[in-house]
Amino acid sequence: MNGQENGNHLLEVYNLVKYYPVYSRGIILRRVVGYVHAVDKVTLYIDEGKTLGLVGESGSGKTTTGKAILHLEWPTAGQVFFEGANVSEVLKSKDKKQILKIRKSMQMIFQNPYGSLDPRMTVFDIIAEPLKLHGHYSKEEINERVYKLLEMVGLEAYHAERYPHEFSGGQRQRIGIARALAVEPKIIIADEPVSSLDVSVRAQILNLLMNLQKENKLSLLYISHDLSSVRQICDHVAVMYLGKIVETANVEDLFSKPLHPYTQALLSAVPIPDPELKRRRIILHGEVPSAINPPPGCRFHTRCPYAKEVCKNKEPELREVEKNHFVACHLV
Amino acid sequence: MSDSYILEVKNLQTYFFTEAGIVKAVDDISFNVERGSTVGLVGETGSGKSVTAYSILRIVPRPGKIVNGKVFFNGEELLSKTEEEMRKYRGKKIGMIFQDPNSSLNPLFSIEEQLTDTIVAHERISKQEARNKIIEMLAKVGIPEPSTRIKWYPHQFSIGMKQRIAIARALLLNPELLFADEPTTNLDVTIQAQVLDLLRTLKNEMKMSMVLITHDMGIIAEMTNNVVVLYAGKVFEVADTKTIFKKPLNPYTEALLATVPRLDIKKKLEPIPGNVPNLIELPSGCRFHPRCKYATQICKEQEPPLEEVEPGHFVACHHWRELE
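Residues numbered from 1 in each chain as written. Chains lettered and ligands numbered in written order. Predicted model: local features only at pLDDT ≥ 70, side-chain atom pairs only at ≥ 80, totals over all residues.

## Section: the overall build of chain A
So, step 1. A tally of helices and strands in chain A yields eleven helices and twelve strands.
So, step 2. For 332 residues, the compact-globule estimate of 2.2 N^0.38 gives 20 Å, and chain A sits close to it at 21 Å.
So, step 3. Across its three principal axes, chain A shows a C-alpha extent of roughly 65 × 60 × 45 Å.
So, step 4. Looking at the 332 residues of chain A, the share that counts as buried comes to 44%.
So, step 5. Sequence-distant contacts in chain A: of pairs separated by 6 or more residues, those separated by 24 or more amount to 63%. (Helix = DSSP H or I, 4+ residues; strand = E, 2+ residues; numbered from the N terminus. Rg over C-alpha atoms; globule rule 2.2 N^0.38 Å. Buried ≥ 20, exposed ≤ 12 C-beta atoms within 10 Å, placed from the backbone. Contact = placed C-beta atoms within 7 Å.)

Listed below in structure tokens is the structure:
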């Protein structure tokens, strides 16, 4: 997570910032009166074939981070490097070939399988669309690839001629996954891919994602608020709070030895399906503050049970406390 | 009519008569709630957990109809009461918290107006007294500065605060029984922890009984004494919470526990194949048989009865002995 390792990772993100302007009321004299600090200097990297879990509560900026990495939301500042190439520069250039190449390598799976599939397209057309857009495929090749993808995600060939409304939520998410895999990406950004599914179907989709990842040597950015599922499928985890990464470590370290007070509270808040387990629960008081005027100093100090004077004034830097375990807290 | 039960539900059936066919949302559900305990109704989409609660309160929306069954609350049968009599129960003796506070609170009225409505529907009380009562309750559920915020409208509160207000409304008149329908599903985990903690504290303080509806096995483990596992409108298993987790005897309960990821241990997730069935065209025999790894011929042909396998432990499965 530190900047010195430049160039060694498949995807590197440095000081990514995304602000959204807030306007005053009115039509003629609308002025910008502030900014929503959705993502504030996020630095992360993902290695080939690895999964990074990006966790946080609503409003923590995890989805915006995912979209800004893909430049679906153009970042306000910061750099994204994919295989060493600066994504912003490539996309701004007029080099269509390079643009398509980078777009092809990074695909997204969306949260809501009801909103992310066009209801007027057949499943075949939905999966074939990225293949057509990226060109160089003959009709036969597209045909072959679509049916292969359907098989890969556990759907039947006859499903190709059906429309999204004929499918259940879990099946729709499979279609979304097939579409994302169509152009053979190297990295997939999966934004809460199972949160709208029934519990008995979630494991199907999570296992499918993990298997596809292994088979295709995919990297995965798994965005989720569900810490239990993050534990099962991720190699590394980054915890976000109010636009900032507060802690990042490999999955075992983070779950067995969380160091940031927010991570500790977050983990202790998750109910565990075992009635005999007794554990200490940290109940955080108050709620996540507004991202328009984030608290000065450490953004978590308003809810932190250990907050000291320094936390109110000075913003803590993300520093390496143990090997590959980074924490942004003055008190660790 | 045992005195230790505050609620007894017997053979409840609620169907929705839609144009596409009859949806058997609740199909012969029976369970009891012991006085002072928390019973969890757990199930996935379409298992009938919400409709069960709606049926007990008799607020099933059209085209739904309660076709059969009996509901005893403190020994009194509710389904045969007139609408007029029923109103004396809703909100007064039985409170309810809904899943989404954004839609259960009316955006056009202030908190004071909405909560006063609840009080004056049941009690003859002056405005000032009602106001004091509301302020006291808002303070109890953790709304800061309740005497000012009572004038606020729902949109001025965050979602967690709105859910607290919904809880305040449900508890205003000291109900004996509280239904909480996925009360934390829309909330973030840290806020969920706050709300669950609040519910637990108030339940003990006010000596209520509670029916907690959820799909989250973690919440079930932390909050309930007894569990009713529902699948596609049927009761699949009933037991005390410990038994459900340690010794489930219904393949669905077992599969449900194996499929949910846990925070404290890394384990292999075992998915349940297939999907939750369509309630109009239910599978023959046992409704879970197309997804069940123990299914045999008899499961396709005969619906298993709910048998008491040990005192207090009920299972509906032809093969429960093999799971033992």
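## Focus on the overall build of chain B
So, step 1. Secondary structure assignment for chain B yields 13 helices and twelve strands.
So, step 2. Considering only C-alpha atoms, chain B reaches an extent of 65 × 50 × 40 Å along its principal axes.
So, step 3. Relative to its 324 residues, chain B shows a buried fraction of 47%.
So, step 4. Within chain B, counting contacts between residues at least 6 apart in sequence, those at least 24 apart form 64% of the total.

## Considering the nonpolar core
So, step 1. If you look at the biggest cluster of nonpolar residues, it comprises 184 residues, and the most contacted ones within it are Leu221, Tyr222 and Val239 of chain A.
So, step 2. Examining the composition of this core, we find that seven residues originate from one element, helix H7 (residues 159-171) of chain B, more than from any other.
So, step 3. Setting aside anything within four residues of it in sequence, one finds Val239 of chain A in contact with Val55, Gly56, Ile245, Val246, Glu247, Thr248, His260, Tyr262, Thr263 and Leu266 of chain A. (Core = buried A, V, L, I, M, F, W, Y, C linked by C-beta atoms within 7 Å.)

## A short note on the interface of chain B and chain A
So, step 1. Each side of the interface is counted separately: chain B has 37 residues, and chain A has 33 residues.
So, step 2. Taken together, the elements giving at least two residues each to the side of chain B that touches chain A come down to helix H8 (189-205), helix H9 (217-223), helix H10 (241-246) and helix H11 (251-259) of chain B.
So, step 3. In terms of residue count, H8 of chain B provides more of the side of chain B that touches chain A than any other element does, seven residues in total.
So, step 4. In terms of residue class, the side of chain B that touches chain A is made up of 16 nonpolar, eleven polar and ten charged. (Nonpolar A, V, L, I, M, F, W, Y, C, P; charged D, E, K, R; others polar.)

## Digging into the sheet that holds strand E2 (residues 21-34) of chain B
Residue and element names in this part refer to chain B.
So, step 1. The strand order E2-E1-E4-E5 describes an open sheet built from four strands, whose pairing is antiparallel. Because the sheet does not close on itself, it has two edges, and the strands there are E2 and strand E5 (76-77).
So, step 2. Relative to E5, strand E4 (residues 64-73) runs antiparallel, the two sharing two bridges. Along E5, the bridge assignment pairs Phe72 with Glu77. (Pairing = 2+ DSSP bridges.)

## What to know about the environment of Glu322 of chain A
So, step 1. Mapping Glu322 of chain A onto the fold places it in strand E11 (residues 319-322).
So, step 2. On a C-alpha basis, the gap between Glu322 of chain A and Asp253 of chain A in space is 9.8 Å, while along the polypeptide they are 69 residues apart.

## Remarks on the packing of helix H4 (residues 123-133) of chain A against helix H6 (residues 169-181) of chain A
For any two helices packed against each other, the geometry comes down to the angle between their axes and how far apart the axes lie.
Residue and element names in this part refer to chain A.
So, step 1. Following both chains from N to C, one finds H4 and H6 inclined at 30°, their axes separated by 7 Å at the closest point. With respect to H6, the element H4 is oriented roughly parallel. For the crossing formed where H4 meets H6, the hand is right-handed. On H6, the residues that touch Val123, Ile126, Ile127 and Pro130 of H4 are Ile175, Ala178 and Arg179. (Axes fitted to C-alpha atoms, helices over the stretch in contact; angles between N-to-C directions. Parallel < 35°, antiparallel > 145°, perpendicular 65-115°, else oblique. Left-handed = near helix turned anticlockwise from the far one by under 90°.)

## Quick notes on the pairing of strand E9 (residues 226-231) of chain B
All names here are of chain B.
So, step 1. Within E9, six of the six residues are buried, which leaves the element mostly enclosed by the surrounding structure.
So, step 2. Side-chain alternation along E9 places Asn226, Val228 and Leu230 on one buried face and Val227, Val229 and Tyr231 on a second face that is also buried.
So, step 3. Here strand E3 (residues 38-42) runs beside E9; their pairing, made up of four bridges, is parallel. Within E9, the residue paired with Leu41 across the bridge is Val228.
So, step 4. Relative to strand E10 (residues 234-240), E9 is paired through six bridges, and the arrangement is antiparallel. Bridge pairing links Tyr231 to Lys234 in E10.
So, step 5. Linking E9 back to E10 in an antiparallel pair, the connection comprises two residues, with Ala232 at a positive phi of about 50°.

## What about the pairing of E2 of chain B?
So, step 1. Taken together, the eleven bridges between strand E1 (residues 5-18) of chain B and E2 of chain B define a ladder with antiparallel strand orientation. Note that in E2 of chain B the partner of Tyr15 of chain B across the bridge is Lys24 of chain B.

## Details of the sheet that holds strand E11 (residues 307-310) of chain B
Either a parallel or an antiparallel arrangement is found when strands of a sheet pair, and the pairing is made through backbone hydrogen bonds.
Residue and element names in this part refer to chain B.
So, step 1. Taken in spatial order, the eight strands line up as E6-E7-E8-E3-E9-E10-E12-E11 in an open sheet, and their pairing is mixed. Unpaired on one side and paired on the other, strand E6 (94-97) and E11 mark the two borders of the sheet. Averaged over all pairs of adjacent strands, the angle between their axes in this sheet comes to 20°, without regard to strand direction.
So, step 2. Set on the sheet, H7 makes contact with E6 and strand E7 (177-181); between it and E6 the angle comes to about 170°.

## Digging into H4 of chain A
All names here are of chain A.
So, step 1. If you check which residues of H4 are buried, you get Val123, Ile126, Ile127, Ala128 and Leu131.
So, step 2. Close packing links the buried residues of H4 with helix H5 (139-152) and H6.
So, step 3. Following H4 by one or two positions, Gly135 adopts a phi angle in the positive range, close to 70°.

## Observations regarding helix H10 (residues 261-269) of chain A
So, step 1. Most of H10 of chain A sits inside the fold, with seven of its nine residues counted as buried.
So, step 2. Three or more residues of H10 of chain A are buried, namely Pro261, Tyr262, Thr263, Ala265, Leu266, Leu267 and Ala269 of chain A.
So, step 3. At its buried positions, H10 of chain A is contacted by helix H8 (227-233), strand E9 (236-241), strand E10 (244-250) and helix H9 (251-256) of chain A together with H8 of chain B.

## Overview of the confidence of the model for chain B
So, step 1. Taken over all residues, the pLDDT of chain B has a mean of 92, while the share at 70 or more is 99%.
So, step 2. Two summary scores accompany this predicted model of the complex, namely pTM at 0.88 and ipTM at 0.84. (pLDDT = per-residue confidence, 0-100.)

## Looking at unusual backbone geometry
All names here are of chain B.
So, step 1. Residue Pro63 is bonded to the preceding Arg62 through a cis peptide linkage, with omega at 5°.
So, step 2. When you line up the elements, Pro63 lands in the loop between helix H1 (49-57) and E4.
So, step 3. Even without a glycine there, the phi angle at Asn74 is positive, about 55°.
So, step 4. Relative to the assigned elements, Asn74 resides in the loop between E4 and E5.
So, step 5. In the Ramachandran plot, Ala232 falls in the positive-phi region, its phi being about 50° despite a non-glycine side chain.
So, step 6. Examined against the element boundaries, Ala232 turns out to sit in the loop between E9 and E10.

## Some remarks on the environment of Val51 of chain B
Residues and elements named next belong to chain B.
So, step 1. With respect to the helices and strands, Val51 occurs in helix H1.
So, step 2. Residues Val51 and Val26 lie 25 residues apart in sequence; the distance between their C-alpha atoms is 6.8 Å.
So, step 3. With residues up to four places along the chain from it excluded, the contact list for Val51 reads Thr14, Ala25, Val26, Val60 and Gly64.

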